[in-house]
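# Chain and residue survey
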Amino acid sequence: MADTIDVPKNQRILEISRGPLWFVGAYEFYMKLHPNENSNLTYIYEEPHPEMQAKIVDTLPRYHYRSWKSLFELLTNRDKPFDDNYQLYITEKLPNGKYATHKVYRPMPTRSINNRSNK
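Residues numbered from 1 in each chain as written. Predicted model: local features only at pLDDT ≥ 70, side-chain atom pairs only at ≥ 80, totals over all residues. Heavy atoms only, no water.

## As for the overall build of the protein
Filter applied, for reference: A run of H or I in DSSP becomes a helix once it reaches four residues, and a run of E becomes a strand once it reaches two; helices and strands are each numbered from the N terminus. Three exposure classes are used, based on accessible area relative to the maximum for each residue type with a 1.4 Å probe and protein chains only: buried under 20%, partly exposed in between, and exposed over 50%. For this analysis, residues touch if any pair of their heavy atoms sits within 4.5 Å.
Assigned secondary structure in the protein consists of three helices and six strands. Going residue by residue from the N terminus, the α and β elements of the protein occur as β-β-β-β-α-α-β-β-α. Taken over 119 residues, the protein has a buried fraction of 34%. Across the protein, the fraction of contacts at a sequence separation of at least 24, relative to all contacts at a separation of at least 6, is 52%.

## Some points on the pattern of salt bridges
Once their charged atoms are close, side chains differing in charge can pair, the charge on each being opposite to the other. In plain terms, the rule: Throughout this description, the term salt bridge denotes a Lys or Arg side-chain nitrogen within 4 Å of a carboxyl oxygen of Asp or Glu.
One pass over the structure, following the stated rule, counts five salt bridges. One network of salt bridges, in which partners are shared, links Glu 37, Asp 83 and Arg 106.

## Considerations on the sheet that holds strand β2 (residues 24–29)
Note the threshold: If DSSP finds at least two bridges between two strands, the strands pair. Each axis is a line fitted through C-alpha atoms, and for a helix only the stretch in contact is used; angles between axes span 0 to 180 degrees, taken between their N-to-C directions.
With antiparallel pairing, the three strands of this open sheet are ordered in space as β1-β2-β3. Pairing within the sheet leaves two strands with one partner each, and these edge strands are β1 (14–18) and β3 (41–46). On average, each strand axis in the sheet is tilted by 15° relative to the strand beside it, whichever way the strands run. Note that β1 and β2 share five bridges and pair antiparallel. The partner of Ser 17 across the bridge, within β2, is Ala 26.

## Let's talk about the sheet that holds strand β5 (residues 88–94)
Pairing in this open sheet of three strands is antiparallel, and the strands run β4-β6-β5 from one edge to the other. Only two strands of the sheet have a single partner each, and these edge strands are β4 (56–57) and β5. Pairing analysis gives two bridges linking β4 to strand β6 (residues 98–104), with the strands arranged antiparallel. In the sheet register, Ile 56 faces β6, and the bridge partner there is Ala 100.

## Here's the deal with the pairing of β6
Counted residue by residue, β6 has five buried out of seven residues, so it is predominantly covered. Here β5 folds back onto β6, and the loop between the two strands holds three residues, one of which, Asn 96, carries a positive phi near 65°.

## Here we look at the nonpolar core
For the record, the criterion: Nonpolar core, defined: a set of buried Ala, Val, Leu, Ile, Met, Phe, Trp, Tyr and Cys residues in which side-chain atoms within 4.5 Å join the residues together.
Counting residues in each nonpolar core, the largest one holds 16 residues, and the members touching the most others are Tyr 27, Phe 29 and Tyr 43. Of all elements in the fold, only β2, β3, α1 (68–75) and β5 reach the threshold of two or more residues within this core. The contact partners of Phe 29, leaving out residues within four places of it in the chain, are Ile 13, Leu 14, Asn 40, Leu 41, Tyr 43, Trp 68 and Ile 90.

## A word on the layout of surface pockets
Summary: where empty space remains is shown by rolling a probe the size of a single water molecule over the atoms. Defined as follows: Put plainly, a pocket is an open set of points on a 1 Å grid over the protein atoms alone with protein on both sides within 12 Å along at least five of seven lines, a cavity is a set where a 1.4 Å probe fits but cannot get out, and a lining residue has an atom within 4 Å of a point. Grid points are joined across faces, edges and corners, and a volume is the space filled by probe spheres set on the points.
Estimated volume of the largest pocket: approximately 620 Å³. What lines the largest pocket is a set of 25 residues, among which Met 1, Arg 66, Leu 71, Leu 88 and Tyr 89 lie closest to the centre. Looking at which element gives the most residues to the lining of the largest pocket, the answer is β5, with four residues.

Shape descriptors only; they carry no functional weight alone.
As structure tokens, then:
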């Protein structure tokens, strides 16, 4: 769940942005997965066709939500690389009590060398 509406700016762990085109958005978490990374953890979504756009709904979708701590543990598990084993969906809280869920991906995912060699 990404909520920048009810969370004070100084307590937010992410920034939500749109653009450069109307159908592209990004969720930038204020953290780096590894000390040698130069940029924050970012997930993006693309919705180039109207049928691919997330439905905007009036109630919180009934999904299995993870805490930030739980997600971070999955993201940093070296034995089971996240990008090789999971697909992430982010539900965003919108104004007026609405919600949208996007299937997201890392723009330049880090794939494990071991998993590639075993495939």
